[in-house]
Amino acid sequence: MVALILILTTSLFFPGLIVRVKSIASGRKGPGILQPIKNIYVLLRKGIVYSTLSGTVSRFAPVIVFGSVAVASLMIPVAGFEPLISFNGDFILFAYLLALARFMMIIASFDTGSSFEGMGASREALYGMLIEPALFILLAGLVVFTGEYSLTGIFNLPGGENYNLIYGLIISYILGNITIIENSRVPLDDPKTHLELTMIHEVMVLDTSGFNLALIQFSSFIKFAVFGSLIASALIPRDLSLAWRLISFVTVQMVFAATIGFLESFRTRFKMNRNQQFILTVTMISVLMFVIILFTKNIF
Amino acid sequence: MSVVKNELMSYLLIILCVTSFLILLPSRNASRIVAGITVFAIAAFSSWLAIDTLITAFSGSEPSTRSVEGLIPSLFVIDPLSAFFILIINFTMISGYIYSLDYLKEYIIRKPPVWVKIHYLALVWLQVSMVILPMLRNGFWFLTAWELMTLSSFILVIFDFDEKGTLKAGLSYLVQMHVGMLFLLLAFALSSAGQDTVSFDNLGNWFRDNRNWPMFLLFFIGFGLKAGFFVLHTWLPDAHPAAPSHVSGIMSGVMIKLGIYGILRVTTYLQGDFAVIGAAVIIISAITGVYGVMMAILQHDIKKLLAYHSIENIGIIGLGIGLGIFGTAIGNNIVAAAGYAGALLHTLNHSLFKSLLFYSAGSVISQVHTRNIEKTGGIMKFMPLTAWAFLIGAIAISGIPPFNGFISEFLIYTSMFHGLGNNEFYSVVLIFISIFSLVLIGGLALLCFTKVFSVVFLGQPRSEYKPAPVEAGKMMIIAKLLPVIPVVLIGLLPFLFVKPVLSIAQSAFVPATDTGSAIIMKPMYYIGIASAGLIALIIVAILLRKLMLRKRVITTGPTWGCGYSAVDQRQQYTATSFVQEYASLTNPVIKTGYSKIHYGDDEIFPGPRDFHTHSDDFIRSRIINKPADFMVRILKKGAVFQTGKLQHYVLYVLLFMVLIFILTYLKII
């Protein structure tokens, strides 16, 4: 339960932090840290405009997107606290629930009959397909490394004799990239772009409004918090005292958000046809990680 | 052990022969009704045998095989593995028959009535042959039933024989099946040489005395041709589009699974070489799965696309079997049991969602009269129930929770990840390959099914429908509802279904251990909880939305067009454009051909243009077409003798006699 509360709290501040860092970096005054969540509050209370072409899919898809991401977040260990659901192979359910969310996003965007949304959906489907192996290979490597089969067990690795900052950093690097790709941020896609032709996530929700848009945006906030928590679990040693664990958890999340903010301020986005290479590179890094683990376990 | 009386089986055969004639009676309705009664009767009888076997096998100390005394003593033997396949076959046969009632309606008017009757006759005999196949151990009778299955399904496939390409697809199927038959014949003959009877049961002795993998390979090729493993799959993408939709559903759902049954049956007798065989099966299956779905994504013909997905799913089942064999090799019961159980459950699951998808696709095709998905669109507004059925099937086949496809893939993943615990380089690399391929298959299947569902059912029609499509008939809806129920139930309450499947797998392949079963079963309860949580959250969110929107206005407006308001319905995103980036990525492996005519310099007002994309199965063009063309070229050279003139033939006879005379004179013959 503590894990869930921590994830939800993080998801409230995370996007605001990114926005804050971006405005500081670009020398603007910028909105407050709570602005994204205030936007969601406003959206929740608005009416909805559906496209005339859309049918039932547009009406139920946002709800399922939210539901699946929320259930996926129940399986994440946070700062040493046990998640609500934990069992052998829970990461498979986690990854496939995110896939369910992606499935729903794609068909919802096609429901409007818009070519722009089709374009975004096409990219989302392809990038999602390409990044999934990276996550699984990383987890497979960690299964070999720890001999555990659940997220809680696997991310128990910093703790006792298994603690290794180098591994933690590599895992964080891979997970960070996966977060960027899952949420379509710079350098894959610029959420602040104004041209529909080059969007990925933003273009898919062009015809989603009000309560539905709020749900989808909040799901993406949760995704940030979820991956941030995994990164924190990979970096923080488990044998710290409760206070230190919480402090380091918050620090890791803030650094993660700040990193994304700085990346978005100082980095340009890729050309669209370079994205596949970028994603495959991340996959290859996680294959390398797997090979390194084989070496350390003397399996080679 | 309760034994079915001798007479019962023989009565059954007599009744079957009588009903076969009744189907051929002149009355149009009679054939349908008699066929229906027969299908239900066979299903009821064999399912009763199967369920009875399962109950006795798992209730106590009873031995887990039983024989049905038939014309020849202990010809029909049922063990839990056969019982499982019999149940699957009957379920899909019933839904297929119900579907055919509506589907064949338009043909009854168009076609000569005798074709419809022969179609139903073939349907009944297909069921008979499929149901008795898992019960037969005797090689001779097994191959007879196998041949009966091939012939009756061939007749079902060529139902639309007056359409272009149907007969060719049917013949290609028939020829390839007989190549497979040849391998099976060879395998049976070799393994039973010197024995009194030709039977599966001789395999135990054979495998004990000889190397295991060559014989397994023979069986694998024979059965793999039916199942559609990589390189042997080329008949599938031709035969399924040619066949009527219920036949595609039955063939893809259950008939190709008998190939899987055959492989599993042979596997039960294996004595050694587990590591080699397991590794080979895993690698072949990984290639099968990835290749199947990679090809599927590029298809525009919805039934061809589904056929390629059958190949993909055979790959997933094969991964399970391979992991099972490999688990035995490394002596890990959890890996073995989870692998086999995953394979069995995926066999069941695939029969459910694939028949569901074929039925839904068939309903759409019978309304819009095209299989090309680029010409459809917006069907959900005309046929909401069919669309929902297809959506459920699409989510299930992509292996996404909360439906059944996820459960079987989860079992296979369980097997893989437990296999990683065996810290040997060889096994870790093998498992790595299998994990990578299964993840890739999942992602690609999602890409593929979001494409089909979106393009066919969502948005606007891409061409005008004449007449406007209407919702499928009652029987079609019932036929789709039948598989939908278990698809949802297995997904939501996996522990109820995984337990018996696991017991079947353990009884056939691995000794059951309490700890092993508990480790495999425990996640199922959690998945059930998570699915319940998902549904609860969805309901809560919907209620919350209702509450928040009580006093708000819900309006509709035109789709955002970025300032361009004259959007034509043909400018919607198409299936080709959806997968264009993917196609450019896979171009080194699968060539996508574009055919278009460029604008000339002198064309000031260009006329309409055609643009086509097509992707060829390079396996078919290399392995089937090229050798066949080569043969034809050589044989054509021999055709100079075939002049068609009587005088020449008389001359040949004369020359032949002279030749014989000379050879005899020289004492050569």
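Position labels on residues start from 1 in each chain and follow its written sequence. The order in which chains are written sets their letters, starting at A; the order in which ligands are written sets their numbers, starting at 1. With the structure being a predicted model, the display of local features is reserved for residues of pLDDT at least 70 and the display and counting of side-chain atom pairs for 80 or more, all residues being used for whole-chain, interface and lining totals.

**Some remarks on the overall build of chain B**
Right, so step 1: In this description a helix means any DSSP run of H or I spanning at least four residues, a strand means any run of E spanning at least two, and both kinds are numbered starting from the N terminus. Secondary structure summary: chain B contains 26 helices and 5 strands in total.
Right, so step 2: Throughout, the radius of gyration refers to the C-alpha atoms, and the reference size of a globule is 2.2 Å times the residue count to the power 0.38. Against the compact-globule benchmark of 26 Å for 669 residues, chain B has a radius of gyration of 27 Å, which places it among compact chains.
Right, so step 3: Its C-alpha atoms put chain B at 100 × 75 × 60 Å along the principal axes.
Right, so step 4: Partly exposed residues are those whose C-beta has more than 12 but fewer than 20 other C-beta atoms within 10 Å; 20 or more makes a residue buried and 12 or fewer makes it exposed, with C-beta atoms placed from the backbone. Each of the 669 residues in chain B was classed as buried or not, and the buried ones make up 52%.
Right, so step 5: Two residues qualify as a contact pair if the distance between their C-beta atoms, derived from the backbone, is within 7 Å. For chain B, restricting intrachain contacts to residue pairs at least 6 apart in sequence, the fraction spanning at least 24 positions comes to 81%.

**Points about the confidence of the model for chain A**
Right, so step 1: pLDDT gives the predictor's per-residue confidence on a scale running from 0 to 100. Per-residue confidence for chain A gives a mean pLDDT of 88; residues scoring 70 or more make up 98%.
Right, so step 2: Mean pLDDT values over the elements of chain A span from 85, in helix H8 (residues 201–204) of chain A, up to 94, in helix H3 (residues 56–73) of chain A.

**Structural notes on the interface of chain A and chain B**
Right, so step 1: Across the boundary between the two partners, chain A contributes 68 residues, which contact 68 residues of chain B.
Right, so step 2: By residue number, the principal contributor to the side of chain A that touches chain B is helix H5 (residues 115–146) of chain A, which donates 16 residues.
Right, so step 3: Class assignment of the residues belonging to the side of chain A that touches chain B gives a composition of 43 nonpolar, 17 polar and 8 charged.
Right, so step 4: Pairing between strands requires that DSSP locate at least two bridges from one strand to the other. Judged from the 4 bridges that link them, strand E1 (residues 48–51) of chain A and strand E3 (residues 554–557) of chain B form a sheet pairing that is parallel. If you follow Ser51 of chain A over to E3 of chain B, its bridge partner there is Gly557 of chain B. Lys, Arg, Asp and Glu make up the charged group, whereas Ala, Val, Leu, Ile, Met, Phe, Trp, Tyr, Cys and Pro make up the nonpolar group; the residues left over, Gly among them, are polar.

**Side note on the packing of H3 of chain A against helix H22 (residues 514–548) of chain B**
Right, so step 1: Every angle, taken between N-to-C directions, lies between 0 and 180 degrees, and every axis is a line fitted to C-alpha atoms, over only the stretch in contact when it is a helix. The interhelical angle for the contact between H3 of chain A and H22 of chain B, taken along N-to-C directions, is 140°, at an axis separation of 9 Å. As summarised for this structure, H3 of chain A and H22 of chain B are arranged oblique, according to the angle between their axes. Judged by the sense of rotation from one axis to the other, the crossing of H3 of chain A with H22 of chain B is right-handed. Contacts between H3 of chain A and H22 of chain B involve Val63, Ile64, Phe66, Gly67, Ser68, Ala70 and Val71 of chain A on the former and, on the latter, Ala530, Gly533, Leu534, Leu537, Ile538, Ala541 and Ile542 of chain B.
Right, so step 2: When the residues that make up the contact of H3 of chain A with H22 of chain B are grouped by side-chain class, the tally is 11 nonpolar, 3 polar and no charged. In what follows, roughly perpendicular refers to angles from 65 to 115 degrees, roughly parallel to angles under 35, roughly antiparallel to angles over 145, and oblique to any angle outside these ranges. Put simply, a crossing is left-handed when the front helix is turned counterclockwise from the back one by less than a right angle, and right-handed when it is turned clockwise.

**Re helix H14 (residues 302–329) of chain B**
Residue and element names in this part refer to chain B.
Right, so step 1: In a helix, the anticipated span is given by 1.5 Å times the number of residues less one. End to end, H14 covers 40 Å across 28 residues, agreeing with the expected 40 Å (1.5 Å per residue, within 8%).
Right, so step 2: With 28 of 28 residues buried, H14 lies mostly within the body of the structure.
Right, so step 3: In the stretch just after H14, Gly331 is the one whose phi turns positive, near 70°.

**A few points about unusual backbone geometry**
Right, so step 1: Going from Val186 of chain A to Pro187 of chain A, the amide bond is cis rather than trans, its omega being 10°.
Right, so step 2: In this structure, Pro187 of chain A sits in the loop between helix H7 (165–182) and H8.
Right, so step 3: Residue Pro402 of chain B is reached from Pro401 of chain B by a cis peptide bond, and omega for that bond is 5°.
Right, so step 4: With respect to the secondary-structure elements, Pro402 of chain B resides in the loop between helix H17 (384–397) and helix H18 (404–420).
Right, so step 5: Not every positive phi belongs to a glycine, and Ser184 of chain A is a case in point at roughly 50°.
Right, so step 6: Relative to the assigned elements, Ser184 of chain A resides in the loop between H7 and H8.
Right, so step 7: Overall, the presence of 23 C-beta atoms within 10 Å leaves Ser184 of chain A in the buried class.
Right, so step 8: In this structure, His369 of chain B is a non-glycine residue whose phi angle is positive, near 60°.
Right, so step 9: Structurally, His369 of chain B can be placed in the loop between helix H15 (333–368) and helix H16 (379–382).
Right, so step 10: Overall, the presence of 11 C-beta atoms within 10 Å leaves His369 of chain B in the exposed class.

**A few points about the packing of H5 of chain A against helix H11 (residues 275–296) of chain A**
Residues and elements named next belong to chain A.
Right, so step 1: At their nearest, the axes of H5 and H11 sit 9 Å apart, and the two run at 10° to each other. It follows that H5 is roughly parallel to H11 by the angle criterion. Where H5 approaches H11, its residues Tyr127, Leu130, Ile131, Pro133, Ala134, Ile137, Leu138, Ala140, Gly141, Val144 and Phe145 are matched on the opposing element by Asn275, Gln276, Ile279, Leu280, Val282, Thr283, Ser286, Val287, Met289, Phe290, Ile293 and Leu294.

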